[in-house]
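Listed here are the chains, written in short residue letters.
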Amino acid sequence: TPPSPPALRAPPAANPGARVIGKNASDRTVLTSASRNQTVTIKPKGNYNQHNYTFADVCSLGGRINRGEMKLHDLNKHPELNPAMIPYSTMARWATQDSRGVPKWLSRRDENHKNSLPQAGGVKGGGTVLGESAERELCKTMGRAALANMPYQYVEVEDAVRNTAIELRRVVAKTGKLYDSLTDVSTLVTSFIVRMAKEGIYFIEKHGRKLGLQRHINQNWDSLQQFALKINPELITFQKKYDVILTPKDVGNWDETGVDLCAFASALYMCLKHFGNQVVAPFEQSPHWTLIIGFVGVVQMELLAIMKGTDNLVPSPFHAQLLKGGDGVYLGQTATGWVNNPLKLAFANLQIDKGIIGKRPIVINVDGHDSNLNNDALHELMAANKVLLVVPPSHTSAAVGGQGTQQCDRPAHNGGPIALFKRAFRRYFGKQFFANLRDPNWNNAVSVAEILALFAKAHKDSFDSSKIEQLNKDVGYWNDPRMGGMLQWDICRLNVAPVGAAAAAPAALAPYASAPMPPLAGAPALPVHVSHFGGRVAMQESQAGQLAALARNQSQIDQVFAVRQSLTGMQQPVIPRPTEPIVRTEAVRKNNRYGCVVGSDEFVAAKETVRNSETGAVAKRQATLDKFWANNRENVLAAEAALVEKAGDLSSLLVGQLKSIVISRTGHLPRAKNNSDGALLEETRGVILKQPTTTMPPAPVAPLATSPTSAGSAAAE
């Protein structure tokens, strides 16, 4: 039983419907002692901007001050001199003189020809900076855009206000300068929104929704019921065909997901205060990767990673050099980075090769992606391998409110494979990136080979098989006792209890909570807040103080050996770096599966192809050299003998002998075609100075001849 409300004092008879808060203690507690739904009125002492003086009073008082009849501080000492009750601070502002020595009140009266006090507003003299017409036009444009589902962002409204002020050559009241591209207009935008609200036009900020999520929210319930009426008889027919009763353990799911390689930059990092954001994503444009992740029962499917590349071209198998045979990760590529029908068919074949699909009857539900829905070859392949492939209505996969038809899309705390994979990959990729960045001997890049290896590690470490059965139950799979215990899909959750709320957050780890770390010795106290426009000197002093404190404490840090060892271990890359150069020849691209994907086995085959190709190239070059020397050996020997006979006198040798000398010392034909102008003689002298002896290899030794009898006995052995 709720306690009865406390008794209240009867309100004063003068105002029976309200209480006024005053100096009395009982009046100040009226809000805390009042009961719910009771009306309490608070009367303010006065109105905003309420004063009883005019601009003529200001001019009269200012004239007396200018003539020396009184001083400004007399306003506080002699109130009788100030019958209009003008506040001291107000008169002090009006008496302020400009660079010419003219007070503000005199300039307003004689130069601006104003005879009244300025009104409260966004600009001196009242009104708005942009003007009433400009604000109404902006309001009308924003309203029409919002009604057409194309609302402006807040930053766009700021740009519109700023650009309008620049076009109108408005002056900033505080600085007296014209508006420019760096002028802060947040106050103008706020005032504009407030003025529009007073006229009944309310602009508020809302987050946009993804198209698929919005369609999921607007999904017709009847369509889900109609789908359930069609799919459940098919499930019964499928189980009767193979004479089995399936359970949620016999259900699988696969789904496509995009991977943002810059997502790790959104994590929290320990940066120095007042030094800006020191974590910069390593790519100008986020490279798009598409992954196909799935499971069948408690068995994890092979993973297919798709990167951007030339369409209808197999990626180089050397990208898979860091993968191992049992990693279960394969690489494909398309022009857009999205999956297409051939790659989806290859993904299904990978599961069949692994034995995940095809050994027993199973049910696999997928989303309405075009590569699932309009892929006849995939449907035939699944039917031939005892798989009932189910495609529910479009835009029903999002896990909203515990619903959704895609197990892989479930949150991480429910065991959703995609969420668990991305959480692990972000951690591994961030560590790998910074390890490469901090290594002065590395090129600071994360290669495709490393990304694939990180995919494999996250794929292996993130899968939680213990939650798969519950995942299938969460999306509505159950054994219906009314149908003999056969597997049914209650996609509308009418017979199965709805999925409960997420588990309560774990209690705070109080035993591990530590006291705040004391500041470094000698470090200056950091300012609590630095203004957006001011405080630059304070910020620079804070930065210099932090750098000085770090320098003073460097000797202390160097003495802590354990910390140094720990940091060294943390900075090691998650996976080893690639050592093989990427070969993209047509010969290595022929090593692939299904004409479009590569893995660790394809890399081994491609490496052997390159090795054989290199061996063949070496043998071909050697055969060419052997043929070259065989054709020139006799002439080279004769020319060398003639050179010895002539005691090194090159001018007495014939042209053919000079050419042979050049071949002997260089291993190639001479550049000069003849010796008509002495060019061949000069070339020969030059090569002899560089190479005093011949470079011709010895003549190959012919193999010993064998008799027919010995050859036959050798063959017999």
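Just so it is clear, the structure is predicted and the values come from calculations on it, not from any experiment.

## Looking at the overall build of the protein chain
Here is step 1 of the chain: The number of helices and strands found in the protein chain is 25 helices and 9 strands.
Here is step 2 of the chain: Expressed as a percentage of the 717 residues in the protein chain, the buried residues total 35%.
Here is step 3 of the chain: The contacts of the protein chain with a sequence gap of at least 6 include a subset with a gap of at least 24, amounting to 69%.
Here is step 4 of the chain: Accessible surface for the protein chain amounts to roughly 44200 Å². Of this, 56% is attributable to carbon and sulfur atoms.

## What to know about the nonpolar core
Soluble globular proteins: nonpolar side chains tend toward being buried together.
Here is step 1 of the chain: Judged by nonpolar contacts, the single largest core of 44 residues is most densely connected at Val-259, Trp-289, Leu-291, Phe-421, Phe-425, Leu-452 and Phe-455.
Here is step 2 of the chain: Elements that contribute at least two residues to this core include exactly strand E2 (288–296), strand E4 (303–308), strand E5 (329–334), helix H15 (417–438), helix H16 (448–462), helix H17 (468–474) and helix H22 (600–645).
Here is step 3 of the chain: Val-296, Tyr-330, Val-339 and Leu-343 belong to the second-largest nonpolar core, a separate cluster that totals 25 residues.

## Quick look at the confidence of the model for the protein chain
Here is step 1 of the chain: Here the protein chain shows a mean pLDDT of 78. Residues at 70 or above account for 74%.
Here is step 2 of the chain: In the model of the protein chain, helix H19 (residues 554–558) stands out as the element of lowest mean pLDDT, 46, in contrast to strand E6 (residues 362–365), which has the highest, 96.
Here is step 3 of the chain: Contacts from residues 496–534, a stretch scored under 50 in pLDDT, to residues over four places away or in other chains number 28 contacts.

## What about the packing of aromatic side chains?
Here is step 1 of the chain: Applying the stated criterion across every chain yields a total of 13 aromatic pairs.
Here is step 2 of the chain: Between Phe-421 and Phe-425, the aromatic rings sit 6.2 Å apart at their centres with planes inclined by 0°, giving stacked as the arrangement. Of the two residues, Phe-421 and Phe-425 are both situated in helix H15; the distance of 4 residues between them amounts to about one turn of the helix.
Here is step 3 of the chain: Residue Phe-421 is classed as buried on the basis of its relative accessible area, which comes to 2%.
Here is step 4 of the chain: Both rings, one in Phe-425 and one in Phe-429, keep their centres 5.5 Å apart while their planes meet at 35°; by these two values the pair is tilted.

## Some words on the packing of helix H3 (residues 55–66) against helix H6 (residues 104–111)
Here is step 1 of the chain: In the contact formed by H3 and H6, the axes pass within 9 Å of each other and the chain directions differ by 120°. The orientation of H3 with respect to H6, classified from their angle, is oblique. Here H3 runs over H6; the crossing is left-handed. For the pair formed by H3 and H6, the contact residues are Phe-55, Val-58, Cys-59, Gly-62, Gly-63 and Asn-66 on the first element and Trp-105, Arg-108 and Arg-109 on the second.
Here is step 2 of the chain: Among the residues forming the contact of H3 with H6, the class breakdown is 4 nonpolar, 3 polar and 2 charged.

## A few points about unusual backbone geometry
Here is step 1 of the chain: The phi dihedral of Met-85 is positive, around 60°, even though this residue is not glycine.
Here is step 2 of the chain: Relative to the helices and strands, Met-85 is located in the loop between helix H4 (74–77) and helix H5 (88–94).
Here is step 3 of the chain: Given the relative accessible area of 60%, Met-85 is considered exposed.
Here is step 4 of the chain: Positive phi, normally seen in glycine, also occurs at Lys-386, with a value near 65°.
Here is step 5 of the chain: Summarising the element assignment, Lys-386 is placed in the loop between helix H14 (376–384) and strand E7 (387–390).
Here is step 6 of the chain: Note on Lys-386: relative accessible area 31%, which makes it partly exposed.

## So, H14
Helical geometry: 3.6 residues make up each α-helical turn, so side chains three or four residues apart lie on a common side.
Here is step 1 of the chain: All buried positions along H14 are accounted for by Leu-378, Leu-381 and Met-382. Along the long axis of H14, the arc covered by the buried residues comes to 95°, so they all point the same way. Set apart from the buried face of H14 by more than 90 degrees, the exposed residues are Asp-376, Glu-380 and Ala-384.
Here is step 2 of the chain: Downstream of H14 by one or two residues, Lys-386 has phi in the positive range, about 65°.

## Considering the side chain of Asp-255
Here is step 1 of the chain: By the element assignment, Asp-255 lies in strand E1 (residues 251–260).
Here is step 2 of the chain: For Asp-255, which is buried and forms no salt bridge, the nearest opposite charge comes from Lys-344, at a distance of 7.4 Å.
Here is step 3 of the chain: Other than its neighbours up to four places away in sequence, Asp-255 contacts Leu-291, Ile-292, Ile-293, Asp-367, Gln-406, Cys-408, Asp-409 and Ile-418.

## Notes on H6
Here is step 1 of the chain: Of the residues making up H6, those classed as buried are Trp-105, Ser-107 and Arg-108. Burial along H6 is one-sided: seen end-on, the buried residues are contained in an arc of 165°.
Here is step 2 of the chain: Buried residues along H6 sit in contact with H3 and H5.
Here is step 3 of the chain: Count one or two residues on from H6 and you reach His-113, which has phi positive near 55°.

## Examining the side chain of Arg-108
Here is step 1 of the chain: Looking at the element boundaries, Arg-108 is found in helix H6.
Here is step 2 of the chain: Despite its burial, Arg-108 pairs with no opposite charge, the nearest such side chain being Asp-110 at 11 Å.

## Some remarks on the packing of helix H23 (residues 655–666) against helix H24 (residues 679–690)
Here is step 1 of the chain: At a closest axis distance of 9 Å, the pairing of H23 and H24 adopts a crossing angle of 30°. Taken together, H23 and H24 sit at an angle that is classed as roughly parallel. Relative to H24, H23 is oriented so that their crossing is left-handed. Together, Val-655, Leu-658, Lys-659, Ile-661, Val-662, Arg-665 and Thr-666 of H23 and Leu-680, Leu-681, Glu-683, Thr-684, Val-687 and Ile-688 of H24 make up the contact between the two elements.
Here is step 2 of the chain: Across the contact of H23 with H24, the residue classes tally to 8 nonpolar, 2 polar and 3 charged.

## So, the pairing of E1
Here is step 1 of the chain: Among the 10 residues of E1, 8 are classified as buried, and the element is accordingly described as predominantly covered.
Here is step 2 of the chain: Bridge count for E1 against E6 is 3 bridges, and the pairing is parallel. Counterpart to Val-251 in the pairing with E6 is Val-363.
Here is step 3 of the chain: Direction of pairing for E1 relative to E2: antiparallel, over a ladder of 9 bridges. Bridge pairing links Glu-256 to Ile-292 in E2.

## Some points on the pattern of salt bridges
Here is step 1 of the chain: This model, assessed by the stated rule, comprises 20 salt bridges.
Here is step 2 of the chain: One salt bridge in this structure joins Glu-580 and Lys-607, with 3.1 Å as the shortest N-O distance. With a gap of 27 residues between them, Glu-580 in the loop between helix H20 (561–570) and helix H21 (586–589) and Lys-607 in helix H22 connect regions that are remote in the sequence.
Here is step 3 of the chain: Residue class for Lys-607 comes out partly exposed when judged on its relative accessible area of 28%.

## Here's the deal with the environment of Phe-455
Here is step 1 of the chain: In this structure, Phe-455 sits in helix H16.
Here is step 2 of the chain: Residue classification places Phe-455 among the buried residues on the basis of a relative accessible area of 0%.
Here is step 3 of the chain: For Phe-455, the residues in contact, after removing those within four places along its chain, are Val-259, Trp-289, Leu-291, Ala-305, Phe-421 and Phe-425.

## As for the environment of Lys-659
Here is step 1 of the chain: Here Lys-659 is to be found in helix H23.
Here is step 2 of the chain: In this structure Lys-659 comes out as partly exposed when scored by relative accessible area, which is 29%.
Here is step 3 of the chain: Considering only alpha carbons, one finds Lys-659 and Asn-674, 15 residues apart in sequence, at a separation of 8.8 Å.
Here is step 4 of the chain: Each residue touching Lys-659, except ones within four places of it in the same chain, is listed here: Pro-670, Lys-673 and Leu-680.

Definitions and limits used
Residues numbered from 1 in each chain as written. Predicted model: local features only at pLDDT ≥ 70, side-chain atom pairs only at ≥ 80, totals over all residues. Heavy atoms only, no water. Helix = DSSP H or I, 4+ residues; strand = E, 2+ residues; numbered from the N terminus. Buried < 20%, exposed > 50% of the residue type's maximum accessible area, 1.4 Å probe, protein only. Contact = heavy atoms within 4.5 Å. Areas by Shrake-Rupley, 256 points an atom, 1.4 Å probe, with all protein chains shown as cover. Core = buried A, V, L, I, M, F, W, Y, C linked by side-chain atoms within 4.5 Å. pLDDT = per-residue confidence, 0-100. Phe/Tyr/Trp six-rings, centres within 6.5 Å; stacked < 30°, edge-to-face > 60°. Axes fitted to C-alpha atoms, helices over the stretch in contact; angles between N-to-C directions. Parallel < 35°, antiparallel > 145°, perpendicular 65-115°, else oblique. Left-handed = near helix turned anticlockwise from the far one by under 90°. Nonpolar A, V, L, I, M, F, W, Y, C, P; charged D, E, K, R; others polar. Arc of directions from axis to C-beta. Lys, Arg positive; Asp, Glu negative; His and termini not counted. Salt bridge = Lys/Arg side-chain N within 4 Å of Asp/Glu carboxyl O. Pairing = 2+ DSSP bridges.

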